[in-house]
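An overview of the molecular structure
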Amino acid sequence: MNSGLRKEAVEAVTQHEEPAHVQEQPKLTPDEAADQLARSLPGHRVEILRGRVTATSPADGTHALALSWLGEEFGARARTSGLRLVQGVALWLPTGPEDYAIPDLSVVEADIKDAHVMKNCYAAHVFRMVVEVTSTNWADDLGPKVEDYAQAGIPVYVVADRKHDQVLLCTDPRGGEYKNKAHHKRGTSFTVPDVVGVEMKLSVDRLLDGDED
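Residues numbered from 1 in each chain as written. Predicted model: local features only at pLDDT ≥ 70, side-chain atom pairs only at ≥ 80, totals over all residues. Heavy atoms only, no water.

A few words on the environment of K185. Positionally, K185 belongs in the loop between β12 (177-184) and β13 (189-191). It is 9.8 Å that separates the C-alpha atoms of K185 and S203, two residues lying 18 residues apart in sequence. Ignoring sequence-local partners within four residues, the contact set of K185 consists of Q166 and V204. (Helix = DSSP H or I, 4+ residues; strand = E, 2+ residues; numbered from the N terminus. Contact = heavy atoms within 4.5 Å.)

Moving on to the pairing of strand β6 (residues 105-109). The buried fraction of β6 amounts to four of the five residues, a majority that puts the element mostly inside the structure. Note: β6 against strand β9 (residues 127-133), four bridges, orientation antiparallel. Within the sheet, the bridge partner assigned to V108 lies in β9 and is F127. (Buried < 20%, exposed > 50% of the residue type's maximum accessible area, 1.4 Å probe, protein only. Pairing = 2+ DSSP bridges.)

Spanning 20 residues, helix α3 (residues 61-80) covers 29 Å between terminal C-alpha atoms, matching the ideal 28 Å at 1.5 Å per step. The set of residues buried in α3 consists of H63, A66, L67, W69, L70, F74, G75 and A78. In this structure, the buried side of α3 is in contact with β3 (83-86), β6, β9, β14 (201-203) and α6 (204-209). Where α3 begins, the side chain of D60 points an oxygen toward the backbone nitrogen of T62, at a separation of 3.4 Å. (Expected span 1.5 Å × (residues − 1). Polar contact = N/O pair within 3.5 Å; in protein donor to acceptor, adjacent residues only side chain to side chain.)

The subject of this paragraph is the side chain of T134. Topologically, T134 is positioned in the loop between β9 and α4 (138-142). What makes T134 buried here is its relative accessible area of 2%. For T134, the residues in contact, after removing those within four places along its chain, are H63, D141, V159, A160, D161, R162 and K163.

A full pass over the atoms with the stated rule returns one aromatic pair. A centroid spacing of 4.8 Å and a plane angle of 80° characterise the contact between Y149 and Y157, whose relative ring orientation is edge-to-face. The burial state of Y149 is the same as that of Y157; both residues are buried. (Phe/Tyr/Trp six-rings, centres within 6.5 Å; stacked < 30°, edge-to-face > 60°.)

Written out as structure tokens, the structure reads:
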């Protein structure tokens, strides 16, 4: 092979080995990523916690029964106190411009619709108490959300901690943290703090197991 042919062959191989140019996809914002995830995972609860997008699978039967029991037993008392009990309402968090959580259940002011912030999120000041029943996202409920709800100034945070078979009651949010954290074991009950505005005792077993019927 003469030098001219060899040069053409080398150039052809070199051109073949060069990687094809791949157009970079634009980076999604957390809000855009959350919307995309919600569309691809219908029925999942999508939240943004400190800029991190999370998705929680649909609730199991025990989880659903615990919330139903609370809705029936607690909801009527809340209404007589001028409050409302709601499920699946997003709470705007001060930890980031796009951060929000969707508590399993919340006790809110009756005028919650006037506290709309953005998209489906509402301002923290209308939330008296939020309740989470742990499932696959138990680490978030017991970790980041404890701090995030405290920073948002939510007066009372209740976690039905099925992972550790107990209920965590967090109260008195000051300086970005809950000053009081009490763990309640099975076979006991605790009184809803006065700041919520609803008089009632909550059974730990019911919160963990749901309705007994």
